Each structure stands twice: as C-alpha cells, then as structure tokens.
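In case you want the letters, here they are:
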Amino acid sequence: MQAYPGLKKAGTLRIANLFMTSNEIRTQFLEFFGQRGHRVVRSSSLVPANDSTLLFSNAGMNQFKDVFLGLEKRDYARACSAQKCVRAGGKHNDLEQVGRTTRHHTFFEMLGNFSFGDYFKREAIPWAWELMTGVYMVPREKLYVTIFREDDEAEEIWAKIVPRERIFRMDEKDNFWAMGDTGPCGPCSEIHYDMGPAASDGGHADCKLPCDCGRYVELWNLVFMQFNRDDRGTLTPLPRPSIDTGAGLERLAAVLQGKLSNFDTDLFKPLIERASELASVEYGASAETDVSLRIIADHSRAATFLISDGVLPSNEGRGYVLRLIMRRALYHGQTLGLTEPFLYKVSGEVVEMMKGAYPELAEAAPHTAKAIKLEEERYAHTTRIGIEHLRRSEAQIRLDNVFNVVPVEFGTWKDEYEHQGGNIHELVVEIARKVSRRQRAEIPSNYAGWITGEALFKLHDTFGLRPDFVKDIVENYKLAIDSRGYEQEMQRQRERARASWKGSERKAALPVYHKLAEKNATTFDGYAQTESSDCRVVALLVNGETVSEVKPGEEAELFLDHTPFYAEAGGQVGDTGRLYMESGEEVAQVTDAQRPVTRLIAHRVTVLQPLEVGMKLSARVDAERRDAIRRNHTATHLLHSALRTTLGSHVKQAGSLVVPDRLRFDFTHYAPLEAQDRLDIEDLVNQHVLTNEEMNTDVMEIDAALNSGAMALFGEKYGDKVRVVSVGDGSFSKELCGGTHVRRTGDIGLFKLVSEGSVAAGTRRIEAITGTSVIEDLRKTGETLLRLGETLHAKPDELLAMAEKLAETEKKLRKELEAARLKRAIASAGDLMEKAREVRGVRVLSARVEALDRPAMREMADNLRNRLGSGVVVLGGAGDGKVALVATVSKDLTRNLDAGKIVKEAAALVEGTGGGRKDLAEAGGKDPSKLDESLHAVPEIIERMLQVNS
C-alpha cells in the first residue's frame, strides 16, 4: 500500500464513535479500503492535467479518467483516495450560495474507492454499509438508500442489508451517472442520512425521502459503471464493469460530529474563530455577520489550496475564478470592518489545520501568504478608487462619467447642482420631473434615477464594489440600482469565464485517437537513441480520418509501434526528422510529434514516397536539433534550482518552453529581479555546467520519488511510475520529468540569461540561451561594440562614458530647441489673437501650431487664454503621424462650458479621444489630415454647448 500523508499503519479499526475528527474520518476511510486491497493514491492537483473538459478537479475519479476509459494502465485494479476538489465557475457556479446555506462550499474533499474492472456491486455496497455503520457507527435507522429505477441487482443486494421500505427507486436524473454524452456510464446508488426535522428548510416534522427540504443529506454515491453509451444513445454492457464512489468529507464530518451545518465542524470552526478574532465580531451574534464569517472561512480554504497548486489571481481562466472567490471574501471582510489585509492570516490557519493530510501546503505556505496579501492590497487599492468615485461630494460627481444615470441629457451632477443653486432636494425634484414614462416605469417611484446594470457591474468587476455596497451609498443621492440589468451582466461574465478557460485549454482529442491508443499504443525508445529501425506503421490519418495509404505530396499523421521521436510534452517541443524505407530511400519528413492522448505518439509528416499501413520503416530524429533542445531542457532544471536557491523556496515553475534556440521559464515571484540576483542566478547555473555533473535518471513509484525530495510540477499529470531526473547526486536539482536531457551538465556549454519580466500578477518570466546560441549572441554583441567604437572613435571601455555624455548633450539641445520654438510661438501670439472670434458673447480662438510638444502647447494655450481674459482656446498640432489637442476655458465660463467635452468632440474628428478638467483638457488623434477640419469645428461645438446650457 502506498504511503499517504497522515495515514496510520493498517491496524485495528475503531469500533465505537463518540466524536470523530475530520482527520480521523479521512484516515479511517483510507485505512478501511487499504486493508481490502486498495492502493491508497494521493490527491491529484486541483489543476487537471491534460483534461480540456475541466476547470478544476471536482471529483475523485478525475485522476483515474483515462484508466476507466482504458487509455491508461495501472499496476493495481483497486484504489482509494481523498481528493481535493473545487466547484466554482463553469456550470458549478453557485458561489453566491456559499456561506448562506449549511452545505455549499467552493473547496471540499471527496473520499472515494474505485474498482477498475475488478470488483462490482456485490462488494462495493456491503463495504460502504460496513464502513458507515461498523466503523463510523452511524445509526442504521438514520440511513436510507436510493437506487436507479431499473437496477434490480442493486435492490437485491441492498435488501439483504436494509429493510425494503428504506430503499427508494429514482429516475435517471437522480440515479444514473455518465462521464459525458457518450462513453462509460451506469446506475448509481446513494446513501442518505436523516438529519432530523431541525435541518429542514420548511420546518417539516414528518416528511419522507426524497423530500428536498434539507432534512435528508446524501453522504455517499456509489456509481456502477457497467455500460457504454454510443453516439446514438444505445447502451452496451462493458466487458469489465467498474466502481466509482464519492463521499464528501464535510458532510460526513457534520454527521459524525453531530452538527446540522458543515460550518460547525472542525473543518471550518477554527477558521471562523480566527476570522471572528481578527474582526472582533462574535460568531452567532448576528445572522448577517455570521454569513460573512462563513464565507471568509470557506473561501480561505479554496484560495489556499488553489494557490498552493499553482493557480494565481488573474483576469482569465482559473485565475479569474480564484480572483472572484478571493474578492468575495475580501468584500465580506470589509463589511465586518476589516480594513487591513486579513485573508492571508486565515489562510495560515488553513495550512496549520490541513498540512498533515496535504504536506504541499506547508511547503507552499510563504508563497501562498504573499500571493493572498498581494491580492488583498490590490483589492484595497481598486476599491478605494471606486469608493472615491461614489463618495465624492455632490459638486464633484459626474453622473454621465461614473454612473450613466438617466436622464443622460442633464450632463454632469455638478452642472445641475449648481444650476439649482446648490439645493440637492430641488435637483432631485427637477430630475424626477423629466424622466420619461418608459424610464419612470423602470425606476422606483421615490427615486430620481438609477445606476444601470452595466455601470453597476463595472463598479463590481473593476473596483470590487458589490451592488449592495453601492446601493447603501447612492441611496443618499436618491438613486436606485438596476439589479436586473446587473444580473444580466453577471451572466455574460460567467459565459466569458467559461469561454476564457475553455479557450486556454487544448481541444478535446478526437475519438479516433482513443481507439488507436486502445489497440496500437506507441512505445517511446528515444531516451537513449535518436534512430530506431523496424518501426511498423500501425495507422495513418488524413484530416482526422483513418486511411490505408498516403500519396506523395500529401500531409498526414503517422503512427508507429515504437519510435525515437519525442512528442511535445512538459514544455519541450516535439522532435523533427525523417523516415526511411528498408531500402534506405527517404519516404517522409517528420515536421512535428504530438501526443493527442496518453500512450499514443502522432508523427506529422510530409509524404515523399507512397506510404501504407503495415510498412516497416527506420526513424531518424534530427540529432543536432534534439541536442540543442536537450541542452535547453537540462538548463531549465538548473535554472529552477538556481532561482529557488537565490530567491527562496516559494519559487515554483509556472510554465516553460523548451525549443532549439532558446528556453523560456515562468516562475512564481512578486518583484523584478535585482541586477545582482540575475548575475547570481546566471553564475550558479554556469557553475554546475562547468563542474560537468552526470545526469542521472531513475524510474520509481510516485510516492517514493516525492519522498526522496524530487519536485513535481503543477499541472503535470504523473502515473504511479515516474521518471526522476537528477543533477549529480540530486542535492541541487531533482525533478519528475519525462523530457530528454544531456548526459552531463558540461554538454550545455554555456548559459546566458537574456531577459526577465512580468507576465501576470505574481508570475515572472525568464528567457535564456545555451550552447552555440550563447556564442552567437556574444559574437553579435562584440561586433556591435566594435562598430560603436569605430563610429565614436572610442575604446570598448570608454563607450559607456561616451554614450552618457552624448545623451546628456542631446537632452540639453532638445530643451534649448523647445525653448526656442516656444519663444517663437509666443512671439507670434499677437498674430493668433487676430483669429479669435465671438460666439454668443464668448471669445473663441482655435488655431494650428507646429513643432511644439504637449507641455509647450499647454503653456502657449495658457498664455493665449490670459491674453483673452475671458474665453476659450483650442490649439492643435501634428507630428509623427499623430495629432495633439489642448483646450482651455477661463474660470468664469466653466459653468456652461467644459474643456473636456470640447476637446473630446474635436478629437473625434481626427479619430481620437481625450478629456480632462472643465478648465483644461487634452486629447490625441490618429488622422493629421483632418486636423484643420477639427479646429474649424470648435466654434460650432461651443455654440451648441452654449445653446443647451443657457
């Protein structure tokens, strides 16, 4: 039996249950099945490996999916696990229910036992009952069973265990499980527990199963995978039926600890108490604050586990869902009065509680705390900006810019406020009078206007201000909120989230690949060689369809029984090369190698000679290209360890690309690398290159590998047997890796760090080169320095000082040139003043000025406005294919004129936009050919504004 963190040696099971902790429940489950021949398998990552159908791991069977489908073989036929799961986003989007009900969660643990064609119902059902009543000591009279309506076999087995009146037949919706529209499926049987009338939402005292009032709780689902459903919906019995069960730890804990709510168990109570302590709020004192405390407790678990598994807050995919979860917790922290970062502290409590079962939490704890605190600070910043928008004084709020409040023709709040002499109540009355009937039908009768759903969503999504929070603030202004419109925007957001993560994943493999893998799995023999002979063509595909032959000039996918071609995986690109007939004649060029499904390598080929299924070929990888890739792949391992040595153990690989000419390495870190850090990292890698250490490879069981100190990478899928790649004795670098590597580190030649930067919040990226690429780079740099020296008549060690001197001289000359231009422009101001015209009693000057940068244009506009005394000045200039506009309005005119609106309208004519204050604003544009037209339109723009506002 494989080791499992926190698992005791198999021994006598407890026979009485007074109070069982969640750790004991988990351990007893694994021990029970471990003693019955099950391999205890550790939880897979929350980030599913190579599964485009999942956002997060959400069931115990996820990691065994290919085993159930027959695409992967394991050296055991029985397994059990405690699987980390997250259900949030995608179709499992009931996030708003979490904290408000007793059983909804974002993160949860699923206990499960599995049979891969070994035992079936006659073992699975009695074992479930034995564990539930004999080990967990759940009272039999509190348990009920449901089965699929047509599953006579399950009823026959259950009838020997429980009275028939406790067995209920249910329809397909409730008691039939399928992996998808097609594929393995079968009936299921559920064990339900009667929580008693107190758990009922409707106060039922005598209801019966299957009442959904909350009284009857599903504890365990036993899935009997016994059919295969084809694309016509026909069910065919599977030759080797299987078992997939799932029991939620949180619900089991509530039952075994005598609690009506999961949140009252030892999985949540310490977290609620920690949040309560931080907020100085007593749990149980208020229903409203209790919800917030439960949300913080639940979401801290999800954030902790997701970040420790390599997910970071972002604006797309999994990171977007994580951000939604975290910001919901942070909002509820705000409602409790928490103004300083707090969630990272609650997360620390999660680590302490769960590290026994999940040791990876402790290892990732510093990284997790930093990621959460950074997101808290970012959230505080954005919400502060949002609240400033909302709570700005009435005279400063611009409704058209912030809220899009109806009726829009009133312009800004400030305009109307001043128009009514500063009386806010008169303004409300005036707005209310002019709301159209259609708009009035939508807006509550006692409100002046509303914040549209679109604007409300933006305040939530961009600034983190939730609708109820916004409502509390804007009610002071007699504004309602468009809740229905907001919900519509939220639904669109959910659809965008689903599209985001689906778009970022690989497309699901075609069924033809699965069929090929079942019968014609590929053996990879390219670790030790780049050439293989007697490779039999087992299949050919053209445009996703199987064919028996391919003609010269066509492109196809070719499958061999064994191959030296490495298929793209783990960031390493696929090999290229050539295929030869037994006569030695070249038959095809291999342009790529991919692994569409487990155990199958697809060679993408351009055919030179007729190819047929059954032919025997020799396969030859481009050895020079492979060597370059190997150098870069081994260098990524050295770089990873050098980063952890230099920056800290929080550094984790977050992605990589290994190609012949370079390597790219993404890693978790929160600040740009200092210049000295870059040098230290580069030196450390090259130190291990120069010592020419041997690369060692071992194949061992996953648990043994991890216990030996080997690093596993987030998002990678590992089988029970893994390949461990070590540099020397492994003390510096030891990783699980299926890629190709050099024989000794000296084969890398040289390592040079080329660039470093940010790719996402908390994620940095390094690009580097090795071997001959370094030599080429150094040669190119040397040639550049030589030419610079010749041009500047300076030696290499004098170039820096010479460049600094030239830059300083150029800066000085630019300033002198701008000063001269401005002086000439101001001198010509008298001529420009003659262009001023009067529009409805306001002096307006719009003119084109050349060769001035924006600061100079602003200075000149101010000068002209001062000369006018009272009036409007708009200046425009063009250069480098762009347009610059500056508008100024004298203070006495800002009641009726707005420089920001003037310049925005003018900019639209040159395909641009802009804005600013009422007295000074700027804009840019893309079409210099329309600048004169834009400036000529200024008097007309001002006349329109004066008509509306007079």
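Predicted model only: the values in this text are computed from it and were never measured.

Trainee: Looking at this structure, how should I read helix α23 (residues 772–792)?
Mentor: Structural remark: α-helix, 3.6 residues per turn; residues separated by three or four positions point the same way. Compared with the 30 Å implied by 1.5 Å per residue over 21 residues, the 30 Å span of α23 between its first and last C-alpha is a close match. Residues of α23 that are buried include every one of Ser773, Val774 and Gly789, and no others. Seen end-on, α23 carries its buried residues on one side only, within an arc spanning 145°. Within α23, the exposed residues directed more than 90 degrees away from the buried face are Arg779, Lys780, Leu786, Arg787, Glu790 and Thr791. In the stretch just after α23, His793 is the one whose phi turns positive, near 55°.

Trainee: So what exactly am I meant to see when it comes to the confidence of the model for the chain here?
Mentor: Residues shown with low pLDDT carry predicted positions that ought not to be read at fine detail. Averaged over all residues, the pLDDT of the chain equals 84, while 85% of them reach at least 70. Every residue in residues 1–17 is under pLDDT 50, and counting partners more than four places away or in other chains gives 53 contacts. Low pLDDT (under 50) marks residues 500–507, which in the prediction has 15 contacts with non-local residues, meaning those over four places away or in another chain.

Trainee: Looking at this structure, I do not really get the packing of aromatic side chains. What am I missing?
Mentor: Pairs of aromatic rings are described using the distance from one ring centre to the other and the angle between the two planes. Enumeration over the complete set of coordinates arrives at 23 aromatic pairs. Arranged with centres 4.8 Å apart and planes meeting at 50°, the rings of Phe64 and Phe114 form a pair that is tilted. Taken together, the residues span a long stretch of sequence, with Phe64 in the loop between β1 (39–40) and α2 (65–68) and Phe114 in strand β3 (residues 107–115) at a distance of 50 residues. Judged by relative accessible area, which is 0%, Phe64 ranks as buried.

Trainee: Would you mind showing me how to read the environment of Leu306 here?
Mentor: Mapped onto the elements, Leu306 comes out in helix α8 (residues 287–308). For Leu306 and Arg318, which are 12 residues apart along the polypeptide, the C-alpha to C-alpha distance reads 9.2 Å. Residues contacting Leu306, with those up to four places away along its chain left out, are Leu46, Phe56, Val86, Val311 and Leu322.

Trainee: Looking at this structure, how should I read the pairing of strand β27 (residues 733–736)?
Mentor: Each regular strand displays side chains that alternate between the two surfaces of the sheet. In β27, alternate side chains face the same way, and those of Ser733 and Glu735 on one face and Lys734 and Leu736 on the other are all buried. Pairing of strand β26 (residues 721–727) with β27 involves four bridges; the strand directions are antiparallel. If you follow Val727 over to β27, its bridge partner there is Ser733. From the end of β26 to the start of β27, which pair antiparallel, there are five residues, and Gly728 there has a positive phi angle of about 60°.

Calculation rules
- Residues numbered from 1 in each chain as written.
- Predicted model: local features only at pLDDT ≥ 70, side-chain atom pairs only at ≥ 80, totals over all residues.
- Heavy atoms only, no water.
- Helix = DSSP H or I, 4+ residues; strand = E, 2+ residues; numbered from the N terminus.
- Expected span 1.5 Å × (residues − 1).
- Buried < 20%, exposed > 50% of the residue type's maximum accessible area, 1.4 Å probe, protein only.
- Arc of directions from axis to C-beta.
- pLDDT = per-residue confidence, 0-100.
- Contact = heavy atoms within 4.5 Å.
- Phe/Tyr/Trp six-rings, centres within 6.5 Å; stacked < 30°, edge-to-face > 60°.
- Pairing = 2+ DSSP bridges.

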